[in-house]
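# Chains, contacts and geometry: an overview
In case you want the letters, here they are:
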Amino acid sequence: DVKVTQSSRYLVKRTGEKVFLECVQDMDHENMFWYRQDPGLGLRLIYFSYDVKMKEKGDIPEGYSVSREKKERFSLILESASTNQTSMYLCASSSPQGNTQYFGPGTRLTVL
Amino acid sequence: QKEVEQNSGPLSVPEGAIASLNCTYSDRGSQSFFWYRQYSGKSPELIMSIYSNGDKEDGRFTAQLNKASQYVSLLIRDSQPSDSATYLCAVTTAASYKLIFGSGTRLLVRP
């Protein structure tokens, strides 16, 4: 079974803090994704990566950056957290062949 | 027009009934179609994938795809209260790794 893990289930940060969200997958997948999910807005893609050190902007990249130094790990960085970044953050991975995405458990981030 | 559209619901059905969830998409180049189930506070989990026109059955679940009409549906037979969740439809094209998600349909199965 594919396993995608995220570093924290719940996180509380202060406005202006730098925040790191970590995601690790164990299926040797090339593709990894970061989404945020908000009530009424559904799942929105922030960034994705199709290979080590490669990244592409999704639909809402503003205020975020990512890092992929190793194939199994994809990090989402909030350079200076703001209250409007309070959300559920979901990581996913997929192989190029099937496009099926497998999700981690999610991190509920609250920025005060 | 949204790329993937779903009725937000809630769709309420009695236990044991068939629940029918529908999804339409706008990109005729879409080639892969997925249904995810998401319980409140949890992450989406894959239920079904379908790639060609027709029906695909897996246990109590049947996915139906009609590319000409640009819709995909999910039927849940013998619905159980544990099926109560939000169901997300997602599509992708051959040219992209990205999934486009609908906003989901909330299903309530009444005991």
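Summarised in this report is the structure supplied together with it. (Residues numbered from 1 in each chain as written. Chains lettered and ligands numbered in written order. Predicted model: local features only at pLDDT ≥ 70, side-chain atom pairs only at ≥ 80, totals over all residues. Heavy atoms only, no water.)

Our focus in this paragraph is the overall build of chain A. Within chain A, the regular secondary structure consists of zero helices and eleven strands. N-terminal to C-terminal, the α/β element order of chain A is β-β-β-β-β-β-β-β-β-β-β. The C-alpha radius of gyration of chain A comes to 13 Å, within 12% of the 13 Å expected for a compact globule of 112 residues. Here the analysis covers contacts within chain A between residues at least 6 apart in sequence; of these, 56% occur between residues at least 24 apart. Summed over all atoms, the accessible surface of chain A reaches about 5400 Å², with 49% contributed by carbon and sulfur. (Helix = DSSP H or I, 4+ residues; strand = E, 2+ residues; numbered from the N terminus. Rg over C-alpha atoms; globule rule 2.2 N^0.38 Å. Contact = heavy atoms within 4.5 Å. Areas by Shrake-Rupley, 256 points an atom, 1.4 Å probe, with all protein chains shown as cover.)

Turning to the environment of lysine 71 of chain A, a few remarks are in order. All names here are of chain A. Residue position: lysine 71 is located in the loop between β7 (64–70) and β8 (73–78). Look at lysine 71 and you get partly exposed, because its relative accessible area is 25%. The spacing of lysine 71 and methionine 27 is 44 residues in sequence and 9.9 Å in space, taken between C-alpha atoms. The contact partners of lysine 71, leaving out residues within four places of it in the chain, are Gln25, Asp28, His29, Glu30, Met32 and Val52. Of note is the side chain of lysine 71, whose polar atom sits 3.1 Å from the side chain of aspartate 28. (Buried < 20%, exposed > 50% of the residue type's maximum accessible area, 1.4 Å probe, protein only. Polar contact = N/O pair within 3.5 Å; in protein donor to acceptor, adjacent residues only side chain to side chain.)

To continue, consider the state of the cysteines. Under the defined criterion, the tally for this structure stands at two disulfides over all chains. Bridging cysteine 23 of chain A to cysteine 91 of chain A, the disulfide has an S-S length of 1.8 Å. Looking along the S-S bond of the cysteine 23 of chain A-cysteine 91 of chain A disulfide, the torsion reads about -75 degrees, which is the left-handed sense. With cysteine 23 of chain A in strand β3 (residues 19–25) and cysteine 91 of chain A in strand β9 (residues 87–94), the pair connects residues that are 68 residues apart, well separated along the chain. For cysteine 91 of chain A, a relative accessible area of 0% corresponds to the buried category. Paired by a disulfide, cysteine 23 of chain B and cysteine 89 of chain B hold their sulfur atoms 2.1 Å apart. (Disulfide = S-S within 2.5 Å.)

Turning to the packing of aromatic side chains, a few remarks are in order. Residues and elements named next belong to chain A. Enumeration over the complete set of coordinates arrives at ten aromatic pairs over all chains. Measuring from ring centre to ring centre gives 5.7 Å for tyrosine 35 and phenylalanine 103, while their planes differ by 40 degrees; the resulting arrangement is tilted. Of this pair, tyrosine 35 sits in strand β4 (residues 31–38) while phenylalanine 103 sits in strand β10 (residues 102–103), and the two are 68 residues apart along the sequence. Taking the relative accessible area as the measure of exposure, tyrosine 35 reaches 1% and is therefore buried. (Phe/Tyr/Trp six-rings, centres within 6.5 Å; stacked < 30°, edge-to-face > 60°.)

Tallied over the entire structure, the rule returns ten salt bridges over all chains. Here aspartate 38 of chain A ties to arginine 36 of chain A by a salt bridge, and the two come within 2.9 Å at their closest N and O atoms. Judged by its relative accessible area of 8%, arginine 36 of chain A falls in the buried class. One salt bridge in this structure joins glutamate 45 of chain B and arginine 37 of chain B, with 3.2 Å as the shortest N-O distance. Assessed through its relative accessible area of 16%, arginine 37 of chain B is described here as buried. In the salt-bridge network here, residues are joined through shared partners; they are Asp28, Glu30 and Lys71 of chain A. (Salt bridge = Lys/Arg side-chain N within 4 Å of Asp/Glu carboxyl O.)

Counting residues at the interface gives 18 residues for chain B, matched by 19 residues for chain A. Carbon and sulfur atoms supply 58% of the area that chain B and chain A bury against each other, a total of about 1600 Å² over both sides. Scanning the region where chain B abuts chain A turns up zero salt bridges. Counting every contact that joins chain B to chain A gives three residue pairs in polar contact (both at pLDDT 80 or more). (Buried area = accessible area lost by both parts, 1.4 Å probe.)

Turning our eyes to something else, we now look at the sheet that holds strand β1 (residues 4–6) of chain A. Residues and elements named next belong to chain A. In space, the four strands of this open sheet follow the order β1-β3-β8-β7, with antiparallel pairing throughout. Strands at the two margins of the open sheet, each flanked by one partner only, are β1 and β7. Along the sheet, successive strands turn relative to each other by an average axial angle of 20 degrees, direction set aside. Relative to β3, β1 is paired through three bridges, and the arrangement is antiparallel. The residue bridging valine 4 from the neighbouring strand is glutamine 25, located in β3. (Pairing = 2+ DSSP bridges. Axes fitted to C-alpha atoms, helices over the stretch in contact; angles between N-to-C directions.)

Geometry only, nothing functional implied.
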